[in-house]
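Structural overview
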Amino acid sequence: MKVLIIASINSSNLGDKAIFLTMKKLFESHGHSVTGLDLNRRENRTSIGIGGCEHIITNGLYLNDKELLAITQKDSKVSFKSLLKHVQPDFVRRLRVWHYTKKSYVRHKNEWTEIFKNHDVVVFGGGALLIDNLWNFPLALLYASRLARKIEVPYGCVGCSVGETFSCSGGRWLKEFLADCSFVTLRDSMSGISIRKLGVTEHMVYIDSAIRIGEIIKKERDSAKGILGINVLSYVLHPRITRRGIRRYFNVLRRLIERIDKMPELGLRQVVLFNTGETSDMRAALKLYDQVKSGLRNLGIKVCNKMQRLEDMCGVISQCDVVIGTRLHSSIIPKSYGIPIIGIDWDRKVSGFYEMIGLKEFCFDYETFDVEMIIDAIEKIKSNHFNQESGLEEQIGRFNALPRYIFQKAGIAEDGATDKFENT
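With respect to topology, six strands assemble into an open sheet ordered S9-S8-S7-S10-S11-S12, the strand pairing being parallel. Both edges of this open sheet fall to strand S9 (300-303) and strand S12 (363-365), since each of them pairs with a single strand only. The sheet shows a mean angle of 15° between the axes of neighbouring strands, taken without regard to direction. Taken together, the three bridges between strand S10 (residues 322-325) and strand S11 (residues 341-345) define a ladder with parallel strand orientation. When the bridges of S11 are listed, isoleucine 324 appears paired with isoleucine 342. The sheet contacts of helix H9 (residues 243-261) involve strand S7 (227-231), strand S8 (270-274), S9, S10 and S11, and relative to S7 the element is tilted by about 175°.

Here it is, written out as structure tokens:
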């Protein structure tokens, strides 16, 4: 069978690349051929970065002193073009998205039509596709699904999370996309509440496919080095994220690092501030670094450069003993390497993941978490020799059977399953 996966393949967010790569391997392990298309029709800008040799972590993955200073100076200068972009009203930004998406659809229509004709099923996903991000995803899903319906190729969405609020147009377009889905699977049970508002009454829940990235990008883990990884979130457009809230979040992280510096008994010797590919998150980590660096006496601290390759990010994460994650995949990817995780729940997809694998006690609300909560969680992990039991295996077992469910719902017989993940 020929499977076409349409996803945010060329997004700067490396979690999206991990989703596509693991989903592709899943279908291939069942004996199917897979083609990938970027949902927003972006050209391939960055390499996933998987080769035949092991990638060695070098200093190039971290910002050195000159780079730290240069970025700090650059941040003090705000260009007029950048300022204008951020002060535009939402309706202007939506019109720009509509114009770009429509133009892109017309330009690629014939090419995509031929690709659709050569596949047995179209899979949209995964990630946070069912959200109204200023019409971006709703319009992209709408146009692509109209092509699938015209050619009569079965389609559906897999491994998605659903937003909590929608504009009138965005909600209408998502409803049209979902109305003819042969299958709908979500990556967290919480999204099931919102998807009913979009007219979907039947769906299944499977763990995010990126949980298997550790089986594809293999990394050797050294014995405990005392490294704490912290993924720092920048200000994002989200119902729960406010300027005041993000300042509180930073203050808690700052006090946490200062507290750990005074607690050598925790066994932590270094903090690594890492990102999942977002430039704004890297800059946020740099600001946190500037706030704490001069006061540290026992802890070393590093800031990761903007991650360009998924393999590099996995290399950094795999060397940590504990990871505090805010972005969803900053928790999923370390867990794929068996690394203990602590989550900051700013979006219900984060708490949904922790609840799914039985680690709800290690996930803390973004608006109320404090230093003591995180310290207690680290101490629990340390008392268990930096191990963390979870219900991960059961969820992965269910995930392995996902292609059979998809083909069944699409009315297509599936055979040849091997469930063999291999490094490429």
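It is worth spelling out the pattern of salt bridges at this point. Going through the model one piece at a time under the given rule, you end up with 19 salt bridges. Between arginine 146 and glutamate 176 there is a salt bridge, with its nearest N and O atoms 2.9 Å apart. One end of the pair, arginine 146, is in helix H5 (residues 136-151); the other, glutamate 176, is in helix H6 (residues 168-179), with 30 residues separating them in the sequence. For glutamate 215, the salt bridge identified is with arginine 212, shortest N-O distance 2.8 Å. For glutamate 215, a relative accessible area of 29% corresponds to the partly exposed category. Overall, arginine 212 belongs to the buried group, its relative accessible area being 4%.

Conventions adopted
- Residues numbered from 1 in each chain as written.
- Predicted model: local features only at pLDDT ≥ 70, side-chain atom pairs only at ≥ 80, totals over all residues.
- Heavy atoms only, no water.
- Pairing = 2+ DSSP bridges.
- Helix = DSSP H or I, 4+ residues; strand = E, 2+ residues; numbered from the N terminus.
- Axes fitted to C-alpha atoms, helices over the stretch in contact; angles between N-to-C directions.
- Contact = heavy atoms within 4.5 Å.
- Salt bridge = Lys/Arg side-chain N within 4 Å of Asp/Glu carboxyl O.
- Buried < 20%, exposed > 50% of the residue type's maximum accessible area, 1.4 Å probe, protein only.

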